[in-house]
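# Descriptive analysis of the structure
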Amino acid sequence: MKVNGDQLLEDLLTLKEFTDTPGNGVTRFSYGENDRKAREYIFRQARLLGCDIKTDALKNVRISMPQNRQGRKRVVIGSHVDTVRNGGWLDGIYGVTGGLAVLRALKDCELGMNLELAVFAEEEGSNFGSTMTGSKFIAGDYGEADLDKLKNDEGVSLRRILEEPSLSEIEDVVWDFSEVAAMLELHIEQGPVLERKGLPLGIVDAIFGMQVIEVELTGVGNHAGATPMIDRKDALCAASQCILAAEEIVRPDGRSVVTVGRIHAEPDCSNVIPEKAWFTLEVRDSDNEKILKYMERIIARIKEISTERGVACRINKTSSSKPLRLDPELIERMKSLAEAKGIPHQVMDSGAVHDACMIARHAKTGMIFVPSLGGRSHVPQENTSEKDLVLGAQFLLEITANLINAK
């Protein structure tokens, strides 16, 4: 059995065009127009195979093979189609198109288990500030109350975006994990390890957890020229000191990471001392104790700096996910397959979080990586060689066929 590599690449190039920022990376937020167009394209391809398509109240999708039968466990291939702003053309969507390639390759086969392709909603958190939103509802970590808590930048709640789903519709989003034999996610690495080592394949054994906070500092706005430095309570300068302090706390670790990805100052005028500064800050690691330790130290230092500079400080913990180890039996199975096929590979961790994180707490889960050129992701320059894209999809096909006893 072989995946159709040409069709895989055609799918990716077509979906690349569904973006709010043509010529400047891919911007495709969940529940937006280009998200809808991307899904419709995937649905058209699935219908050509005779697949059944079901979309839940959160806009998570399950695409089922026509050979599926009631009463059998299912193997799920899954990823997402949404992106960060001005992101890359492969993050998430490669796993979905790789899944489509597997469905095409197995469309005429006898399957020993049911096979599904899942498209998870709002994985990036670009719209509502919470990563893996769709899969958190699937896993039961989020419930109806979160529909009101989660709001986009315009203050519109997820409940309103979803057009007021009923309680029963939300409850129906949760999967019955007793029916899930395994879940597989194919993804670009989003880091430099595989390319640096000249390896075409990564087998993930652990996924970083993360904690995210929002920090709001309030000082005193005033005239930029008439206010002496000694009299200033500049919220943005305080924020800058907090950000550098966080870096100093985490940098010596070597593997833990801290990132401030969003920052905003008010009134945002060149000749006014910033009265307010707001930023996000996240800590990631494969060790949850280290995440908690570093975040505690960072928060304490932010409070100290705020006091020293005479600015008010408000800190809000917005989201978190614990690190996890993926299924060891599935890892060994993938290692054996790679060795049998003569594919150079490495067992490695993932610094990025994925929908696989949420599913792995309830069912056997495995992840497959292919190299990212230059180790870059979440930027317009994100790329992977065509050869490696096809190889990754082919490996996904072979491990899937192995799991479901395809004939």
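From a predicted model like this one, the values you see are computed outputs, not experimental measurements.

In this section: the overall build of the protein. A tally of helices and strands in the protein yields 13 helices and 16 strands. Against the 2.2 N^0.38 benchmark of 22 Å for 407 residues, the protein shows a C-alpha radius of gyration of 23 Å, consistent with a compact globule. Reported as C-alpha extents along the three principal axes, the dimensions of the protein are approximately 80 × 50 × 40 Å. In the protein, which comprises 407 residues, the share counted as buried stands at 55%. Counted over contacts in the protein with a minimum sequence separation of 6, partners at least 24 positions apart contribute 77%. Here the protein displays about 17,900 Å² of accessible surface, and carbon together with sulfur accounts for 47% of that area. Between the centroid of the 50 positive side chains of the protein and the centroid of its 62 negative side chains there is a distance of 2 Å.

What follows covers the UniProt feature "domain: Peptidase M20 dimerisation" (unreviewed entry) in the protein. When the UniProt feature table is mapped onto this chain, "domain: Peptidase M20 dimerisation" (unreviewed entry) is found at residues 208-305. Between the end C-alpha atoms of residues 208-305 the distance is 29 Å, and the span holds 35% helix and 32% strand.

This next bit is on the environment of Glu382. With respect to the secondary-structure elements, Glu382 resides in the loop between strand 16 (365-370) and helix 13 (386-404). Setting aside chain neighbours within four positions, we find Glu382 in contact with Gly88, Trp89, Leu90, Asp91, Ile188, Arg376 and Ser377. A polar contact is formed between the side chain of Glu382 and the backbone nitrogen of Asp91, at a distance of 2.9 Å. Only 3.2 Å separates the side chain of Glu382 from the backbone nitrogen of His378, close enough to count as a polar contact.

The next point concerns the packing of aromatic side chains. According to the stated counting rule, one finds 4 aromatic pairs in the structure shown. Judged by centre distance (6.0 Å) and plane angle (40°), the rings of Phe120 and Trp175 are tilted. On the criterion of sequence distance, the pair formed by Phe120 in strand 4 (residues 114-120) and Trp175 in the loop between helix 7 (167-171) and strand 5 (180-188) is long-range, its members being 55 residues apart. For Trp175, a relative accessible area of 8% corresponds to the buried category. Look at Phe137 and Tyr142: their rings are 5.5 Å apart centre to centre, the planes differ by 75°, and that puts the pair in the edge-to-face class. Grouping residues by exposure puts Phe137 and Tyr142 together as buried. Over the ring of Tyr294 we find Lys293, and its NZ or CZ is 4.6 Å from the ring centre.

Another aspect to go through is the packing of helix 1 (residues 5-16) against helix 2 (residues 33-48). With their axes 10 Å apart at the nearest point, helix 1 and helix 2 run at an angle of 155° to one another. The orientation of helix 1 relative to helix 2 falls into the category roughly antiparallel. The chirality of how helix 1 crosses helix 2 is right-handed. Counting all contacts with helix 1, which are made through Gln7, Glu10, Asp11, Thr14 and Leu15, the residues of helix 2 involved are Ala38, Tyr41 and Gln45.

In this section: unusual backbone geometry. In this structure, the amide linkage connecting Glu266 to the following residue, Pro267, adopts the cis form with an omega of 15°. Even without being glycine, Met132 reaches a positive phi, approximately 60°. Secondary-structure assignment places Met132 in the loop between strand 4 and helix 4 (133-139). Look at Met132 and you get buried, because its relative accessible area is 0%.

Core analysis: the biggest nonpolar cluster contains 97 residues, and Tyr94, Leu106, Leu115 and Trp175 have the highest contact counts within it. Residues within four places of Trp175 in sequence aside, it is in contact with Arg62, Arg74, Val76, Ala118, Phe120, Ile138, Val180 and Ile359.

This part takes up the environment of Gly71. By the secondary structure assignment, Gly71 is in the loop between strand 2 (61-64) and strand 3 (74-80). On a C-alpha basis, the gap between Gly71 and Asn114 in space is 9.2 Å, while along the polypeptide they are 43 residues apart.

Below, the discussion takes up helix 13. Compared with an ideal rise of 1.5 Å per residue, which puts 19 residues at 27 Å, helix 13 spans 27 Å between its outermost C-alpha atoms and is within 8% of the ideal. With respect to burial, helix 13 is a largely interior element, 14 of its 19 residues being buried. Where helix 13 terminates, the next one or two residues include Asn405, which has phi positive at roughly 55°.

Definitions and limits used
Residues numbered from 1 in each chain as written. Predicted model: local features only at pLDDT ≥ 70, side-chain atom pairs only at ≥ 80, totals over all residues. Heavy atoms only, no water. Helix = DSSP H or I, 4+ residues; strand = E, 2+ residues; numbered from the N terminus. Rg over C-alpha atoms; globule rule 2.2 N^0.38 Å. Buried < 20%, exposed > 50% of the residue type's maximum accessible area, 1.4 Å probe, protein only. Contact = heavy atoms within 4.5 Å. Areas by Shrake-Rupley, 256 points an atom, 1.4 Å probe, with all protein chains shown as cover. Lys, Arg positive; Asp, Glu negative; His and termini not counted. Charge placed at Lys NZ, Arg CZ, Asp CG, Glu CD. UniProt positions renumbered as here; feature names shortened; annotations may be inferred. Polar contact = N/O pair within 3.5 Å; in protein donor to acceptor, adjacent residues only side chain to side chain. Phe/Tyr/Trp six-rings, centres within 6.5 Å; stacked < 30°, edge-to-face > 60°. Lys NZ or Arg CZ within 6 Å of the ring centre and 35° of its normal. Axes fitted to C-alpha atoms, helices over the stretch in contact; angles between N-to-C directions. Parallel < 35°, antiparallel > 145°, perpendicular 65-115°, else oblique. Left-handed = near helix turned anticlockwise from the far one by under 90°. Core = buried A, V, L, I, M, F, W, Y, C linked by side-chain atoms within 4.5 Å. Expected span 1.5 Å × (residues − 1).

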